[in-house]
Amino acid sequence: QVQLVESGGGSVQAGGSLRLSCGASGRTFSTYAMGWFRQAPGKEREFVVGISGSGGRVSYIDSVKGRFTISRDNAKNTVYLQMNSLKPEDTAVYYCAASQTLGSMVVLTSHYEYAYWGQGTQVTISS
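In this numbering scheme, every chain counts its residues from 1 along its sequence in written order. In keeping with the predicted nature of the model, local features appear solely for residues at pLDDT of at least 70, side-chain atom pairs appear and are counted solely at 80 or more, and the whole-chain, interface and lining totals rest on all residues. Hydrogens and waters are ignored; side-chain quantities use all the structure's heavy atoms.

**Q** What am I meant to see in the packing of aromatic side chains here?
**A** Working definition: an aromatic ring pair is given by the centre-to-centre distance plus the angle between the planes. Between 30 and 60 degrees the pair is tilted, below 30 it is stacked and above 60 it is edge-to-face, where a pair is any two Phe, Tyr or Trp rings, Trp via its six-membered ring, whose centres lie within 6.5 Å. By the definition in use, this model includes five aromatic pairs. Members of the aromatic cluster, joined through ring pairs, are Phe-37, Phe-47, Tyr-114 and Trp-117. Over a ring means this: the NZ of a Lys or the CZ of an Arg is within 6 Å of the ring centre and within 35 degrees of the ring normal. Cation over ring: Arg-45 sits above Trp-117, and NZ or CZ is 4.8 Å from the ring centre. The ring of Phe-29 has Arg-72 lying over it, and the distance from NZ or CZ to the ring centre is 4.4 Å.

**Q** Which parts of the structure should I look at to understand the pairing of strand 5 (residues 46-51)?
**A** Looking along a regular strand, one sees side chains alternate from face to face of the sheet. Strand 5 sits mainly inside the fold: five of its six residues count as buried. Where strand 4 (residues 32-39) lies against strand 5, five bridges are found, and the strand directions are antiparallel. Note on strand 5: the bridge partner recorded for Phe-37 is Phe-47. Pairing geometry for strand 5 and strand 6 (residues 58-60), over three bridges, is antiparallel. Looking at the pairing, Gly-50 lines up with Ser-59 of strand 6. Where strand 5 folds back onto strand 6 in an antiparallel hairpin, the turn is made up of six residues, including Gly-55, whose phi is positive at roughly 85°. Classification of residues uses two cut-offs on accessible area relative to the type maximum, computed with a 1.4 Å probe and protein chains only: under 20% is buried, over 50% is exposed, and between them is partly exposed. By the criteria applied, helices consist of DSSP H or I runs no shorter than four residues and strands consist of E runs no shorter than two, each listed in order from the N terminus. Two strands make a pair as long as DSSP finds a minimum of two bridges between them.

**Q** Hey, could you run me through the sheet that holds strand 8 (residues 78-83) in this one?
**A** Within a sheet, neighbouring strands are paired by backbone hydrogen bonds and run either parallel or antiparallel to one another. Reading across from one edge, 1-3-8-7 is the order of the four strands in this open sheet, with antiparallel pairing throughout. Edge positions in the open sheet fall to strand 1 (4-7) and strand 7 (68-73), since each of these has one partner strand only. Recorded for the sheet is a direction-independent mean angle of 15° between the axes of neighbouring strands. Inspection of the sheet shows strand 7 paired to strand 8 by six bridges, in the antiparallel sense. In the sheet register, Phe-68 faces strand 8, and the bridge partner there is Met-83. To get an axis, a line is fitted to the C-alpha atoms, and for a helix only the part in contact is used. The angle between two axes follows their N-to-C directions and goes from 0 to 180 degrees.

Okay, structure coming up:
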């Protein structure tokens, strides 16, 4: 069982930055692919970015490419999401997700593929 705890959400103006963190329990963090999803009011949960267990492979949705950066520190059991040039349409609850994978370069992009989820952290961008 893996427990995930997100932090770092908040409210900023458009053009600002936020850094989300997700800490995970357990001793095999490097065997887990990690992902960030978001859900805006009235919308379905959306994949934002994923990173492989080794950190060597990532996948972003087009709308955040060049603005968001995912990284992980396996020694600290933590994954980060640096969000720059934020837009009002980025407003959502952001969720961290994890799932163990057989390969260290596997990136998961569907919410069906993730076994563990954090409680979510609110990100609000004002115009």
